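# Fold and geometry: a report
Residues per chain are reported as follows:
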Amino acid sequence: MYLSLTIAFLSIVSFPQFASSTWNTNEYMKRENSLIRPFHGSGSSLNNWELRGSAFASDTFIRLTPDARSMQGGLWNRHPCYSRNWEMEVHFKVFGSGKDLFGDGFAIWYVRDPSTCPGGAHCSVFGSNDYFVGLGVILDTYNNYNGVHNHEHPYISAMVNNGTLHYDHDRDGTHTQVAGCSAKFRGREHDTYVKIKYADDTVTVYTDVENRRAWSQCLTAPGIILPTGYYFGITAATGDLTDTHEIYSVRVYDLDSPDQDPAVNKERANVLPSASFFEAPRDHVDDPKPSMMSGFKKLFLILVGVIVVCGAIFIGGIFYVKQNEHSRKRLY
Ligand SMILES: *[C@@H]1O[C@H](CO)[C@@H](O)[C@H](O)[C@H]1NC(C)=O
Ligand SMILES: [Ca+2]
């Protein structure tokens, strides 16, 4: 862990400006919605953000969760975003000591209500609220579906909610997602980035996780209505499974064009989030999340089963013998 921390630190120090200068030259970065190093000191951009739960800020990273069990951490922007079209770039790292079992992942939000989790109700979606109102882009590292998916994990999905939909961990949210893609963003030695673009009522998610210094499209979903004036946030959670989830920068760019009709923009402040298209639900096989507890439980149940079956055979045998004696007595 210290090695990867050191590598993360070195890579941060050695390429401070590269990413921003190659990816965004024309658009306007919204300082009040962005988060850049250093995170402490006067005029720090962290003043625009609130930390919640296990989230912790050093000078160079925001650690949403440590590699420990049952953690929930959040990073919430204090200023709403009034751009109708915007883009958000997040420099992050997910790593931990788990080789095969790790989780649960993190989520990037554009929602009406900044979450108060871990305090409050329904704090069940990667450190934030279920039944949220807005957009959630979920970077899920643990496959709760037990191999039934036709995709690999880690998995990125986008979900649009008007407050009525439940995020179902047992299906990794696949029946409520508008789109998704697999992306190997965990445990990488190089820098990893994700970008969410919301423009012309279309949500597009890009990743740069292969150390190519270029975006590749992960998912795109047209027909998405999101209002202006919502809040950005990033949250992460661990459960029985653990990982460190860290954020190094958040850059939000305004993509509005000057000739946009202000009346239409004003109207956008009050709409409810909606998606005109949902991916077809997939078959679900109920299968509980494997854990050490359920392993012991299974063993115990098998033992009980064996004892019951043996007992039944034994009693049945005695019965059979008695029955035979009885009929023999009757014959003779
Ligand atoms: C909220 O979303 C659900 C599911 O997409 C939809 O059935 C319902 O009509 C929506 N409610 C409103 C008030 O838009
Ligand atoms: Ca999952």
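Above this text sits the structure in question.
Let us look at the structure shown here. (Residues numbered from 1 in each chain as written. Chains lettered and ligands numbered in written order. Predicted model: local features only at pLDDT ≥ 70, side-chain atom pairs only at ≥ 80, totals over all residues. Heavy atoms only, no water.)

A few words now on the overall build of the chain. Across its full length, the chain carries 4 helices and 17 strands. Counting the 332 residues in the chain, one finds 49% classified as buried. Put simply, 72% of the contacts in the chain that link residues at least 6 apart link residues at least 24 apart. Surface exposure of the chain reaches about 16,600 Å², of which carbon and sulfur atoms provide 58%. (Helix = DSSP H or I, 4+ residues; strand = E, 2+ residues; numbered from the N terminus. Buried < 20%, exposed > 50% of the residue type's maximum accessible area, 1.4 Å probe, protein only. Contact = heavy atoms within 4.5 Å. Areas by Shrake-Rupley, 256 points an atom, 1.4 Å probe, with all protein chains shown as cover.)

The next point concerns the site of ligand 1. The full set of residues close to ligand 1 is Asn162, Thr164 and Leu272. One of the side-chain N or O atoms of Asn162 is found 2.4 Å from an oxygen atom in ligand 1. Starting from 360 Å² of accessible surface for ligand 1 in isolation, the protein chains cover 35%. (Near = heavy atom within 4 Å. Polar contact = N/O pair within 3.5 Å; in protein donor to acceptor, adjacent residues only side chain to side chain.)

With that settled, consider the side chain of Glu246. By the secondary structure assignment, Glu246 is in strand S16 (residues 244-254). According to the relative accessible area criterion, Glu246 is buried, its value standing at 2%. Within the local environment of Glu246, its side chain forms a polar contact with the side chain of Arg63, the two groups lying 2.8 Å apart.

Cysteine pairs can be covalently joined through their sulfur atoms, and such a bond is termed a disulfide. Here the structure, examined in full by the defined rule, presents 2 disulfides. The disulfide that involves Cys117 links it to Cys123, with 2.0 Å between the sulfurs. Because the sign of the S-S torsion sets the handedness, a value of about -90° for the bond joining Cys117 and Cys123 places this disulfide among the left-handed ones. Across the disulfide from Cys181 sits Cys218; the S-S distance is 2.1 Å. Between Cys181 and Cys218, the disulfide has an S-S torsion of -110° and is therefore left-handed. Taken together, the positions of Cys181 in strand S10 (residues 179-182) and Cys218 in strand S13 (residues 216-221) put the pair 37 residues apart, joining distant regions of the chain. Residue Cys181 is classed as buried on the basis of its relative accessible area, which comes to 12%. Numbered in order of appearance, the disulfide-bonded cysteines of the chain are paired 1-2, 3-4. (Disulfide = S-S within 2.5 Å.)

On the surface, Phe300, Leu301, Val304 and Val308 cluster together into a nonpolar patch covering about 400 Å² of accessible area. Here Val308 shows up in helix H4 (residues 292-331). Under the relative-accessibility criterion, Val308 is labelled exposed at 53%. (Patch = residues over 30% accessible without salt bridge, like charges linked within 9 Å, V, L, I, M, F, W, Y side chains within 5 Å. Salt bridge = Lys/Arg side-chain N within 4 Å of Asp/Glu carboxyl O.)

Coordination of the calcium ion (ligand 2) by the protein comes from Asp140 (OD), Asp140 (OD), Tyr142 (O), Asn144 (OD1) and Asp172 (OD), over a distance range of 2.3 to 2.5 Å. In primary sequence terms, the donor set of the calcium ion (ligand 2) follows D-x1-Y-x1-N-x27-D. A residue pair is termed long-range when its members are at least 10 positions apart, and Tyr142 in the loop between strand S8 (133-140) and strand S9 (155-162) and Asp172 in the loop between S9 and S10 qualify at 30 residues. (Donors = N, O, S within 2.8 Å, 3.2 Å for Na, K, Ca; no water.)

Take the packing of aromatic side chains next. As enumerated under the stated definition, the model contains 12 aromatic pairs in all. Geometrically, the ring pair formed by Phe92 and Phe106 is tilted, given 5.0 Å between the ring centres and 50° between the ring planes. One end of the pair, Phe92, is in strand S6 (residues 86-95); the other, Phe106, is in strand S7 (residues 105-111), with 14 residues separating them in the sequence. The class of Phe92 is buried, set by a relative accessible area of 1%. A ring pair is formed by Phe92 and Phe185, whose centres lie 5.8 Å apart and whose planes are at 75°; its orientation type is edge-to-face. Of the two residues, Phe92 is situated in strand S6 and Phe185 in the loop between S10 and strand S11 (192-199); the sequence distance between them amounts to 93 residues. Phe185 carries the same exposure label as Phe92, and that label is buried. Taken together, Trp86, Tyr110, Tyr198, Tyr230 and Phe232 form an aromatic cluster joined through their ring pairs. The cationic tip of Arg186 hangs over the ring face of Phe102; the distance from NZ or CZ to the ring centre is 3.6 Å. (Phe/Tyr/Trp six-rings, centres within 6.5 Å; stacked < 30°, edge-to-face > 60°. Lys NZ or Arg CZ within 6 Å of the ring centre and 35° of its normal.)

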